[in-house]
Amino acid sequence: MLEFSAIQTLAVAILAYFIGRKLTKRFDVLRRASVPEAVTGGLVIALLVGIVQAFDITVDFTMTGRDTLLLVVFAIVGLQAKASRLMEGGRPLLILVGLAVFMLPIQNLIGMGTAWLFGEPFAIGLMGGGVALSGGPGTVIALSPEVEALGFDKAAEMGIACAALGIVLGAVVGGPVGHYIIQRDRLKPKRRRKMLVGVAADEVATVTLSTRDFLYNIFMIAVTIGLGDKLGDAFRLIGLDLPDFVSVLVAGSILSNVIHALFRDIPWPIEDPPMALSADVALNVFLAMALMSISVLQVIPLAHEIFLLMILQVATLTAFVVYVVYPFMGKDYDAAVAASGYMGVALGATPVGLAVMASVTRQHGASTKAMLIVPLIGLFYFDVINTLIFRAMLSLVT
């Protein structure tokens, strides 16, 4: 058994990033397609782990710090969410939420149809739809017992395998789709802004981070995550069980709009390159951890079923993003970036969507509106709606 402690797991995740960076430099198609380096490197580690596991050697990574890294990213995004920016993105956000909800039953129907082709029950096909893709592994773990209780033993296995592949495909396909739209319509940002996450390719050499900046960033991030934790408790008391990253995002927005307005003398990290760089570091390490922990051997036994299913899901979602989401969002640069981010969310999870947008904007230019809109989908109880649609469709087929 190979067991990695938390610090050893962190080292492997950082190594995965450098492997991805090396491969991106070696194969220019990865850079032009805006595939995040952490995704490429994380997949390499996952494949190596799969080879080791094939010889009956267990590999166990300690992922205790992974979720904290995600909270760091959303704390930084929230700290830059000024009211004027949120108001600007209000209508596009509602449109995106509506389109995302519309897509959930379509994902479920694709899963059910594929199951029917392979002679599997519709209930098993549902586990390869919106629950696994838009919901992710957490939603699968929460809902699969309901399906297994009806006598469908493969529910959890099918759902986890689809969720794992969804994370990979969301990270790999989302960037190229955004890149395609931007190149096809010759889109550019309306005005040059600093990045919220990451640093633009032409500014990498100009970012400096002093001791004072570093400690101040850590302080602001810690305060935001702490407030987000208390907000999450308060939300649960009134019946709102929001994801932790959403509570932290809201906390950052409150600090940005209330505290900064009351105390103007306090320096605030608005479009602050060191803070954006910190978010990029946390997001890349998180993503590498998420990808390298995917169990390749868990996917292989279901490959013959999942292969066609994921082709249909990706093809349908790509058409939906290009011909529905992008036009409805306004057919401008922000719409293209938001569409690529939604692609990551709908196939993988919100962090995947954020990573896709960070990669796209690093190459083509900042999009503050898109970086704020896509993470806020979770604020509209998206997981609850996903669950309600799943249960309604499950009741119809059992």
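Our subject is the structure listed above.
The paragraphs below set out a description of the structure included in this document. Worth saying up front: this structure is predicted, and the values here are computed from it rather than measured. (Residues numbered from 1 in each chain as written. Predicted model: local features only at pLDDT ≥ 70, side-chain atom pairs only at ≥ 80, totals over all residues. Heavy atoms only, no water.)

**What to know about the overall build of the protein chain**
Logical step 1: When helices and strands are tallied, the protein chain shows 19 helices and 2 strands.
Logical step 2: Looking at the 398 residues of the protein chain, the share that counts as buried comes to 54%.
Logical step 3: Long-range contacts, defined as pairs at least 24 residues apart, comprise 81% of the intrachain contacts of the protein chain with a sequence gap of at least 6. (Helix = DSSP H or I, 4+ residues; strand = E, 2+ residues; numbered from the N terminus. Buried < 20%, exposed > 50% of the residue type's maximum accessible area, 1.4 Å probe, protein only. Contact = heavy atoms within 4.5 Å.)

**Things to note about helix H9 (residues 137-148)**
Logical step 1: The terminal C-alpha atoms of H9 lie 16 Å apart, and with 12 residues this matches the ideal 16 Å at 1.5 Å per residue to within 8%.
Logical step 2: Among the residues making up H9, those that are buried are Thr139, Val140, Leu143, Ser144 and Val147. In an axial view of H9, the angular spread of the buried residues amounts to 130°, which keeps them on one side of the axis. Those residues of H9 that are exposed and aimed more than 90 degrees away from the buried face are Gly138, Ile141 and Ala142. (Expected span 1.5 Å × (residues − 1). Arc of directions from axis to C-beta.)

**Remarks on the packing of helix H16 (residues 333-347) against helix H17 (residues 350-364)**
Logical step 1: H17 packs onto H16 with a crossing angle of 145° between their chain directions and a minimal axis gap of 7 Å. Crossing geometry of H16 relative to H17 is assigned as right-handed. Contacts between H16 and H17 pair Tyr333, Val337, Ala338, Ser340, Gly341, Gly344 and Val345 from the former with Thr350, Val352, Gly353, Val356, Met357, Val360, Thr361 and His364 from the latter.
Logical step 2: When its residues are assigned to classes, the contact of H16 with H17 shows 8 nonpolar, 7 polar and no charged. (Axes fitted to C-alpha atoms, helices over the stretch in contact; angles between N-to-C directions. Left-handed = near helix turned anticlockwise from the far one by under 90°. Nonpolar A, V, L, I, M, F, W, Y, C, P; charged D, E, K, R; others polar.)

**Examining unusual backbone geometry**
Logical step 1: Despite not being glycine, Arg186 has its phi angle at roughly 50°, a positive value.
Logical step 2: Relative to the assigned elements, Arg186 resides in the loop between helix H10 (155-184) and helix H11 (211-237).

**Description of the nonpolar core**
Logical step 1: In terms of nonpolar packing, the biggest core is built from 123 residues, with Leu317 and Tyr342 touching the most fellow members.
Logical step 2: Here this core gets 13 residues from one element, more than from any other, and that element is H10.
Logical step 3: When sequence neighbours within four positions are dropped, the list of residues in contact with Tyr342 reads Leu96, Leu99, Ala100, Met103, Leu317, Phe320, Val321, Val325 and Val374. (Core = buried A, V, L, I, M, F, W, Y, C linked by side-chain atoms within 4.5 Å.)

**Notes on the pattern of salt bridges**
Logical step 1: Overall, the coordinates contain 4 salt bridges when judged by the stated rule.
Logical step 2: Among the ionic pairs, Arg184 bridges to Asp185, the shortest N-O distance being 2.9 Å.
Logical step 3: Overall, Arg184 belongs to the partly exposed group, its relative accessible area being 35%. (Salt bridge = Lys/Arg side-chain N within 4 Å of Asp/Glu carboxyl O.)

**Some remarks on the packing of aromatic side chains**
Two descriptors summarise a pair of aromatic rings, namely the distance from one centre to the other and the angle between the planes of the rings.
Logical step 1: A full pass over the atoms with the stated rule returns 4 aromatic pairs.
Logical step 2: Where Tyr17 meets Phe18, the ring centres are 5.5 Å apart and the plane angle is 70°; that geometry is what we call edge-to-face.
Logical step 3: The exposure class of Phe18 is partly exposed, given its relative accessible area of 48%.
Logical step 4: With a centroid separation of 6.2 Å and 25° between ring planes, the pair formed by Phe102 and Phe320 is classed as stacked. In this pair, Phe102 is assigned in helix H6 (residues 90-117) and Phe320 in helix H15 (residues 303-328), connecting sequence segments 218 residues apart.
Logical step 5: With relative accessibility at 8%, the residue Phe320 sits in the buried group. (Phe/Tyr/Trp six-rings, centres within 6.5 Å; stacked < 30°, edge-to-face > 60°.)

**Section: H17**
Logical step 1: Under the 1.5 Å per step criterion, the end-to-end length of H17 is 21 Å for 15 residues, consistent within 8% with the ideal 21 Å.
Logical step 2: The buried fraction of H17 is high, at 14 of 15 residues.
Logical step 3: Looking one or two residues beyond H17, the residue adopting positive phi is Gly365, at roughly 125°.

**Topic: the environment of His364**
Logical step 1: Turning to its location among the elements, His364 is positioned in helix H17.
Logical step 2: For His364 and Pro189, which are 175 residues apart along the polypeptide, the C-alpha to C-alpha distance reads 8.0 Å.
Logical step 3: Contact partners of His364, with chain neighbours within four places excluded, come to Ser34, His179, Ile182, Gln183, Pro189 and Tyr333.
Logical step 4: Within polar-contact distance, the side chain of His364 engages the side chain of His179 at 3.0 Å. (Polar contact = N/O pair within 3.5 Å; in protein donor to acceptor, adjacent residues only side chain to side chain.)

**What about a nonpolar patch on the surface?**
Logical step 1: A contiguous nonpolar patch, built from Trp116, Leu117, Phe118, Phe122, Leu308 and Leu312 and spanning about 570 Å² of accessible area, is present on the exposed surface.
Logical step 2: Elements represented by at least two residues in the nonpolar patch include exactly H6 and H15.
Logical step 3: Of note, Leu117 is situated in helix H6. (Patch = residues over 30% accessible without salt bridge, like charges linked within 9 Å, V, L, I, M, F, W, Y side chains within 5 Å. Areas by Shrake-Rupley, 256 points an atom, 1.4 Å probe, with all protein chains shown as cover.)

**Description of the packing of helix H13 (residues 273-292) against H17**
Logical step 1: It is the contact of H13 with H17, at a shortest axis distance of 11 Å, that shows an interaxial angle of 125°. Taken together, the axes of H13 and H17 lie oblique to each other. Note that H13 runs across H17; the crossing there is left-handed. On the side of H13, the interface is formed by Asp280, Leu283, Asn284, Phe286 and Leu287, while H17 contributes Pro351, Val352, Leu354, Ala355, Ala358 and Arg362.
Logical step 2: Taken together, the residues that form the contact of H13 with H17 break down as 8 nonpolar, 1 polar and 2 charged. (Parallel < 35°, antiparallel > 145°, perpendicular 65-115°, else oblique.)

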